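# Inside the fold
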Amino acid sequence: MTPRGQNWRRSAYAVPLVCGGVFGIYVAVQFFDSDLPSMILGALLGLIISIPFGLFFGWLAAAAGRGVLNTAHKRPGPTNVQQWRILFSSVTALTIAVAAATGATVAEVSGLGFLSIAVIAAIAFISAYLYFPESELADR
């Protein structure tokens, strides 16, 4: 649903950055005392740590989406936009979920921490569905 001429890949970075920032703040605040200066310091550290991961997830989302669009461009005949929108969203969500699960495994996250992977994948699916660039399929 990106307006014609807007670069959808740039928009793909917005959701992972915001979600990574919020998650970084939440995690950092959990490790600090309850006084205000410590919470602010924890939130800032969480942002600084999570922004590179948000950028990485955004890059992965854009690369996965580009792969689906390249496949759509190579297919002859009329396009079923809804089918490509769902495939675009599914591939993006799966890519992000695998990357998040890999990171969680490396960080030795256990228990309910893996629930965040499902939340991250759901956010990736919904945002990719909303940001699907229909204009790129129409231009072929």
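These figures come from a predicted structure and were not determined experimentally.

About the thresholds
- Residues numbered from 1 in each chain as written.
- Predicted model: local features only at pLDDT ≥ 70, side-chain atom pairs only at ≥ 80, totals over all residues.
- Heavy atoms only, no water.
- pLDDT = per-residue confidence, 0-100.
- Helix = DSSP H or I, 4+ residues; strand = E, 2+ residues; numbered from the N terminus.
- Phe/Tyr/Trp six-rings, centres within 6.5 Å; stacked < 30°, edge-to-face > 60°.
- Buried < 20%, exposed > 50% of the residue type's maximum accessible area, 1.4 Å probe, protein only.
- Contact = heavy atoms within 4.5 Å.

One rule of thumb: low pLDDT means the predicted coordinates there are not for detailed reading. Confidence along the protein averages 77 in pLDDT terms, with 75% of residues attaining 70 or more. The secondary structure element of the protein with the lowest average pLDDT is helix α1 (residues 8–12), at 61, and the one with the highest is helix α4 (residues 81–106), at 87.

One pass over the full model with this rule turns up four aromatic pairs. Seen from their ring centres, F88 and F132 are 5.2 Å apart, and the 75° between their planes marks the pair as edge-to-face. Taken as a pair, F88 in helix α4 and F132 in the loop between α5 (115–130) and α6 (134–138) lie far apart in primary sequence, 44 residues in all. On the basis of relative accessible area, F88 is assigned to the buried category, the value being 2%. An angle of 20° between the planes, with centres 6.4 Å apart, marks the rings of F125 and Y129 as stacked. Of the two residues, F125 and Y129 are both situated in helix α5; the distance of four residues between them amounts to about one turn of the helix. Y129 sits in the partly exposed class, given a relative accessible area of 26%. An aromatic cluster is present here, built from F56, F57 and W59 joined pairwise through their rings.

Along the chain, F114 turns up in the loop between α4 and α5. When the C-alpha atoms of F114 and A101 are compared, they prove to be 7.5 Å apart, with 13 residues separating the residues in sequence. Among residues more than four places away in sequence, those in contact with F114 are A101, A104, T105 and V109.

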